[in-house]
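# Architecture and fold: a report
This is what each chain is made of:
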Number of protein chains: 2
Amino acid sequence: MSELESVIRKLEALDHRITPSRVAVIAAVLAQSGHFSVEEIMRQARAVGRATVFRTMRLLTDLDVVCRVLLEDGSLHYRVSRRGHHHHLVCVSCGNVQDLDECAVADLVRELAAATEYEIEGHWLEFYGRCASCRSPLAQAAKA
Amino acid sequence: MSELESVIRKLEALDHRITPSRVAVIAAVLAQSGHFSVEEIMRQARAVGRATVFRTMRLLTDLDVVCRVLLEDGSLHYRVSRRGHHHHLVCVSCGNVQDLDECAVADLVRELAAATEYEIEGHWLEFYGRCASCRSPLAQAAKA
DNA sequence: ATGCCTGCAAACGATTTGCAGCACA
DNA sequence: TGTGCTGCAAATCGTTTGCAGGCAT
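To start, this report covers the structure provided alongside it.

### Details of the relation of the copies chain B and chain A
With an RMSD of 0.2 Å, the fit of chain B onto chain A corresponds to turning through 179° and sliding 0.0 Å along the axis. The operation mapping one copy onto its partner corresponds to a two-fold rotation axis. For chain B, the smallest separation between a C-alpha atom and the rotation axis is recorded for B:Leu125, amounting to 2.2 Å. Of all interface residues in chain B, 100% are interface residues in chain A too; the two copies therefore contact each other through one and the same surface.

### Concerning the nonpolar core
By size, the foremost hydrophobic cluster in this structure holds 26 residues, and its most contacted members are A:Leu89, A:Ile120, A:Phe127, B:Leu89, B:Ile120 and B:Phe127. Elements supplying a minimum of two residues to this core: strand S3 (87-91), helix H5 (106-116) and strand S5 (119-130) of chain A together with strand S3 (87-91), helix H5 (106-116) and strand S5 (119-130) of chain B. When residues no more than four places from it in sequence are discounted, the contact partners of B:Phe127 are A:Val105, A:Leu108, A:Val109, A:Leu112, A:Ile120, A:Gly122, A:His123, B:His88, B:Leu89, B:Val90 and B:Leu100.

### Things to note about the protein's contact with DNA strand D
As a matter of local geometry, DNA strand D sits amid 18 residues, with A:Ala51, B:Thr19, B:Ser21, B:Arg22 and B:Thr52 nearest to it. When atoms of DNA strand D within 4 Å of the protein are split into backbone and base, the sugar-phosphate part holds 65%. In the environment of DNA strand D, a phosphate oxygen lies 3.4 Å from a nitrogen or oxygen atom belonging to the backbone of B:Ala47. Interatomic distance of 3.0 Å between a side-chain N/O atom of B:Arg55 and a base nitrogen of DNA strand D. Class assignment of the residues belonging to the surface near DNA strand D gives a composition of seven nonpolar, five polar and six charged.

### A short note on the packing of helix H1 (residues 3-13) of chain B against helix H2 (residues 20-31) of chain B
Residue and element names in this part refer to chain B. Between H1 and H2, the least distance of the axes is 10 Å, while the angle of their chain directions is 135°. Considering the angle they form, H1 stands oblique to H2. In the packing of H1 onto H2, the handedness of the crossing is right-handed. Counting all contacts with H1, which are made through Glu3, Leu4, Val7, Ile8 and Leu11, the residues of H2 involved are Arg22, Val23, Ile26, Ala27 and Leu30.

### What to know about the protein's contact with DNA strand C
A:Arg17, A:Thr19, A:Ser21, A:Arg22 and A:Thr52 are the nearest of the 18 residues found near DNA strand C. By atom count, sugar and phosphate contribute 65% of the portion of DNA strand C lying within 4 Å of the protein. Between DNA strand C and A:Ala47 there is a distance of 3.4 Å, counted from a phosphate oxygen to a backbone nitrogen or oxygen. Between DNA strand C and the protein, one listed contact pairs a phosphate oxygen with a backbone N or O atom of B:Ile18 at 2.9 Å. Elements with a contribution of two residues or more to the surface near DNA strand C: helix H2 (20-31) and helix H4 (50-62) of chain A together with helix H4 (50-62) of chain B. Of all the elements, H4(B) adds the most residues to the surface near DNA strand C, at four residues. When the residues that make up the surface near DNA strand C are grouped by side-chain class, the tally is seven nonpolar, five polar and six charged.

Analysis parameters
- Residues numbered from 1 in each chain as written.
- Chains lettered and ligands numbered in written order.
- Predicted model: local features only at pLDDT ≥ 70, side-chain atom pairs only at ≥ 80, totals over all residues.
- Heavy atoms only, no water.
- Least-squares fit on C-alpha atoms with pLDDT ≥ 70 in both.
- Contact = heavy atoms within 4.5 Å.
- Core = buried A, V, L, I, M, F, W, Y, C linked by side-chain atoms within 4.5 Å.
- Buried < 20%, exposed > 50% of the residue type's maximum accessible area, 1.4 Å probe, protein only.
- Helix = DSSP H or I, 4+ residues; strand = E, 2+ residues; numbered from the N terminus.
- Near = heavy atom within 4 Å.
- Polar contact = N/O pair within 3.5 Å; in protein donor to acceptor, adjacent residues only side chain to side chain.
- Nonpolar A, V, L, I, M, F, W, Y, C, P; charged D, E, K, R; others polar.
- Axes fitted to C-alpha atoms, helices over the stretch in contact; angles between N-to-C directions.
- Parallel < 35°, antiparallel > 145°, perpendicular 65-115°, else oblique.
- Left-handed = near helix turned anticlockwise from the far one by under 90°.

See the structure below:
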């Protein structure tokens, strides 16, 4: 079963209708390799109206098919959520996003809960940096 | 030296002019106890134009006088940055924000850098939960 | 056939910018 | 006295909504 089919089944299971517009948006979303903006989806699904793209993105977010990615400049992007809870490591140079499977904050949450008497419901953690290939253009040039 | 003076000195030191509008915005900002939106500053500095409030907020952000706080609903707020690097614990119920002085992510950053070959430049970490007083209205009632 | 979903356009809120005048340094 | 700062208004950006019709179920 393709990823597309799997998402479609998810929609069906929740009594959402399967329409050409939705399929187009979902296909465009699944075709993305890294993070992407709503605008990029609109570019790749030109036949679909703006409003519908936004509505579908919200639907996909609610269904945990995609997750939001906050970029350092404050703009909101999305990315396919192929796992459960995880964090992102975003390259500020090339925009590549790497998933961090382990949630190393779990311990922290426990300590924090004890120390602050807060009941911690969630957290948002993203790292920004420069990936190996962007770190040293010289190193890349040297390889060639 | 009051906090207001101290911020003003900071502006002067960087060759920014001290104007009534800026002072009004800065005073309003410093008067905030928790996090706040630009709108709240505009309400408290009615004489100052929208654009100027936004321009001043950007200035204060660049000067590290305030820092941005991302709320869970995606809206952007600010809060006075009375320390250096730290994180926030936001109560989703009453909106209270608590600073977390220790940056417990520092170790994580180091491990991550080694594991991924990224050069980590920064990170964004915020926790969401319910504070002690919001956790249990019953417990509060019982106290009375 | 029913009503969810659609596209369009207009509304929307938050933020930015162009501009001519003003006032701080 | 020069130019950085101002307020105003209009522009802009990203997103949402109202509506009349269309299509999946």
